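Architecture and fold: a report
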Amino acid sequence: MTTMESLIGLVNRIQRACTVLGDHGGADGALPTLWEALPSVAVVGGQSSGKSSVLESIVGRDFLPRGSGIVTRRPLVLQLHKTEDGEPEYAEFLHMQKRRFSDFALVRKEIQDETDRMTGRSKMISPVPIHLSIYSPNVVNLTLIDLPGLTKVAIEGQPDSIVEDIENMVRSYVEKPNCIILAISPANQDIATSDAIKLAREVDPTGERTFGVLTKLDLMDKGTNALDVLEGRSYKLQHPWVGIVNRSQADINKNVDMIVARRREREYFANSPEYSHLSSKMGSEYLAKLLSRHLESVIRARIPSITSLINKSIDELESEMDYLGRPIALDAGAQLYTILELCRAFDKIFKEHLEGGRPGGDRIYGVFDNQLPAALKKLPFDRHLSLQNVRKVISEADGYQPHLIAPEQGYRRLIESSLNYFRGPAEASVDAVHYVLKELVRKSIGETQELKRFPTLQAELAAASYEALERFREDGKKTTLRLVDMESSYLTVEFFRRLPQDVEKGGNPAAPNNVDRYSEGHFRRIGSNVSSYIGMVSETLKNTIPKAVVYCQVREAKRSLLNHFYMLVGRKEAKQLALLLDEDPALMERRQQCAKRLELYKSARDEIDSVAWAK
Ligand SMILES: Nc1nc2c(ncn2[C@@H]2O[C@H](COP(=O)(O)OP(=O)(O)OP(=O)(O)O)[C@@H](O)[C@H]2O)c(=O)[nH]1
């Protein structure tokens with residue numbers, strides 16, 4: 001292989017890979033894409049200027065869709081690969097790599113069908129290119145991009161905006177500094193009105209990367225010629241103008257062979273009185289060689305910057321791969337190990353929340369320090385130990401025989417019924433701490449970077465943790481309620497012994513119409529005695545409830561949150577483990593894309609290295 005072939009071949013391969021990866025120089029890219037760094041040749045021209053004809057005669061084959069209106073509605077990236085003489089000619093589409101087309105009429109049909117697949121049968125246009133490779137001994141290595149013909153009016157069924165849409169799409173290709181513009185203008189039309197030249201002048205005012213092509217020389221009015229244009233007097237470009245004679249419509253109808261047409265074109269120039277002095281620099285074959293040579297020199301000049309773009313991209317992709325994490329191992333042992341690692345990472349963060357280092361654990365103390373005391377304070381003892389209620393409870397407890405010295409039964413009933421009120425705050429504390437723990441689990445899962453890739457494991461971990469917390473909550477409730485029950489099962493005798501003996505009987509003589517067996521003061525005193533006993537119990541519970549809650553819930557969460565989960569995981573089979581490590585599909589997709597791109601860039605780098613050394 002000569003250097004030229006390998007250089008263009010290299011760019012061809014990179015271009016194809018770019019398309020596979022969806023990189024076709026979109027207008028939105030903030031960073032320069034690899035596609036944009038690669039030199040390419042775009043064919044631009046007004047409708048019927050002869051674009052398709054030029055492309056076909058460069059290829060030496062009929063294969064482009066024909067018809068009226070806007071036929072080319074998607075860019076066609078045409079990569080020509082020269083093969084050894086005698087080898088069969090064939091074409092291949094990137095979107096259908098398994099199929100080799102040797103019938104070029106079918107190539108034409110597939111271009112049409114593939115255009116419709118993207119744009120629908122509407123006459124809309126799409127910037128997503130179709131990739132076609134042609135392998136033939138009759139071509140030179142070259143990549144050409146056929147773009148929709150510039151037009152001035154929309155036809156039936158097309159929105160008016162199509163005129164502008166086409167121009168914008170074509171512009172988005174030709175404005176790239178690496179794009180070589182093949183500007184096609186018909187000779188039978190004033191060059192000053194050429195759509196192709198108008199656009200080329202706009203994006204390449206110095207004419208450095210524009211190749212002017214003049215078609216339909218044979219259709220000029222008798223007695224006129226195109227020498228002013230071809231010799232660069234009408235519109236100056238850095239590269240020489242190339243005149244072309246394509247097949248006429250009549251030739252096409254008569255199926256005149258392309259190879260015959262090429263010969264006729266050669267003869268036309270050789271025998272033309274006006275152009276014979278230019279004949280070695282005219283015609284589609286010459287144009288193909290000129291472009292190929294130019295493309296090669298441009299590629300050679302661009303190689304250092306392409307290499308540096310590739311190296312930069314490799315660095316970026318590698319760091320993205322690091323961020324996305326390694327792909328998961330396939331054997332059960334390694335998977336189990338990974339799962340346990342991930343659990344440990346989560347557990348560590350959860351503990352940091354409880355023990356400090358990360359916020360949230362303090363909210364548990366908040367429950368003990370604020371919520372519990374406030375709830376205890378709010379208990380309705382005032383109402384429960386009102387004079388009225390005390391009198392009622394005591395009297396009912398006494399029954400037909402009022403108490404003689406102190407209402408033992410009544411006291412017990414009052415105390416027991418009061419103690420019942422403590423169940424509320426006890427349960428509420430357990431619940432409050434439960435919710436704090438649950439929230440911390442949720443937060444910790446979110447904060448475990450390593451878990452991000454594994455939504456299934458995240459969900460399972462959360463479910464297992466919540467289940468464990470639920471068990472701890474039940475235990476917490478049982479234990480705190482037991483503390484309350486213990487208070488009612490045995491009263492502190494000392495407290496009552498220390499009370500002054502209440503011996504008052506027979507009512508208050510000062511009260512004139514006392515219908516009660518005991519004075520109000522008597523009941524008041526009982527109420528206040530019970531109230532201070534309850535106050536004492538309240539103080540105790542304020543201290544013991546937190547102990548029970550921490551013992552049953554917080555301590556257990558720290559010690560054994562995932563114990564049950566570990567046991568379950570340990571029993572799982574390889575397939576179930578793999579399910580747990582099911583990654584977020586979007587992420588998997590991204591890693592795959594990333595890996596594919598990385599592979600592309602690396603092989604591009606290798607190829608560039610080998611081409612550079614081959615020289
Ligand atoms: N006689 C003659 N006819 C030509 C020449 N070039 C193109 N034609 C004819 O002009 C018509 C249009 O040519 P195409 O190659 O289809 O032009 P195009 O720019 O691809 O047209 P659209 O795809 O419709 O925009 C066809 O009938 C060709 O046969 C030429 O050099 N000489």
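Note: the structure precedes this text.
All of the points below concern the structure found in this document. (Residues numbered from 1 in each chain as written. Predicted model: local features only at pLDDT ≥ 70, side-chain atom pairs only at ≥ 80, totals over all residues. Heavy atoms only, no water.)

So, the pairing of strand S5 (residues 142-146)
How we decide: Buried residues are those whose accessible area, probed at 1.4 Å on protein chains only, stays under 20% of the maximum for their type, while exposed residues exceed 50% and partly exposed ones sit between those limits. Numbering of helices and strands runs from the N terminus; a helix is a DSSP stretch of H or I covering at least four residues, while a strand is a stretch of E covering at least two. Following DSSP output, two strands are said to pair if at least two bridges run between them.
Counting buried positions over the five residues of S5 gives five, a clear majority of the element. Note that strand S1 (residues 40-45) and S5 share three bridges and pair parallel. Note that in S5 the partner of Ala 42 across the bridge is Ile 145. As judged from the five bridges shared by strand S2 (residues 76-82) and S5, these two strands associate in the antiparallel manner. Note on S5: the bridge partner recorded for Leu 76 is Asp 146.

Considerations on the pattern of salt bridges
Definition in use: The salt bridge definition used is simple: a Lys or Arg side-chain nitrogen within 4 Å of an Asp or Glu carboxyl oxygen.
Counted under the stated rule, the structure contains 39 salt bridges. Arg 264 is paired through a salt bridge with Asp 251; the nearest N and O atoms lie 3.5 Å apart. In this pair, Arg 264 sits in helix H9 (residues 258-271) while Asp 251 sits in helix H8 (residues 249-253), placing the two residues 13 residues apart along the sequence. Overall, Asp 251 belongs to the buried group, its relative accessible area being 12%. Overlapping salt bridges bring together Glu 56, Asp 62, Arg 108 and Arg 247 as one network.

A look at helix H10 (residues 284-324)
Rules: Given the number of residues in a helix, its expected span is that number minus one, multiplied by 1.5 Å. To obtain the bend at a residue, axes are fitted to the seven residues ending there and to the seven starting there, and the angle between these axes is taken.
Taking 1.5 Å as the rise per residue, H10 with 41 residues should run 60 Å; its terminal C-alpha atoms sit only 51 Å apart, a clear shortfall. Considering bend angle alone, the principal kink of H10 is centred on Ile 303 and spans about 50°; proline Pro 304 follows within four residues of it. Just downstream of H10, Gly 325 is the residue with a positive phi angle, here 90°.

Quick look at the site of the ligand
Using the following cut-off: Near residues are defined by distance, with any heavy atom within 4 Å of the molecule or strand qualifying the residue. In protein, a polar contact means a hydrogen-donor-capable atom and an acceptor-capable atom, both N or O and within 3.5 Å, with residues adjacent in sequence counting only if both atoms are side-chain atoms; elsewhere, any N or O pair within 3.5 Å suffices. Note on areas: Shrake-Rupley, 1.4 Å probe, and residue coverage restricted to the protein chains presented here. Here the term cavity refers to a set of points on a 1 Å grid, laid over the protein atoms alone, in which a 1.4 Å probe fits but cannot get out; the term pocket refers to an open set having protein on both sides within 12 Å along at least five of seven lines, with lining residues being those that place an atom within 4 Å of a point. For a molecule to be placed in a cavity or pocket, more than half of its atoms must lie within 2 Å of the grid points of that cavity or pocket. Each residue is assigned to one of three groups, with Ala, Val, Leu, Ile, Met, Phe, Trp, Tyr, Cys and Pro labelled nonpolar, Asp, Glu, Lys and Arg labelled charged, and all others, Gly among them, labelled polar.
Taken together, 19 residues lie around the ligand, and Ser 52, Ser 53, Asp 218, Asn 246 and Gln 249 are the ones closest in. Contacts to the ligand include Ser 53, whose side-chain N or O atom sits 2.5 Å from an oxygen atom. The contact in question runs from a nitrogen atom of the ligand to an N or O atom on the side chain of Asp 218, over 2.8 Å. Protein burial of the ligand: of its 640 Å² of free accessible surface, 90% is covered by the chains. Its atoms largely coinciding with the cavity grid, the ligand occupies the largest pocket. Elements supplying a minimum of two residues to the shell around the ligand: helix H3 (51-59) and H8. Here the element with the most residues in the shell around the ligand is H3; it accounts for three residues. Its residues placed into classes, the shell around the ligand shows four nonpolar, 10 polar and five charged.

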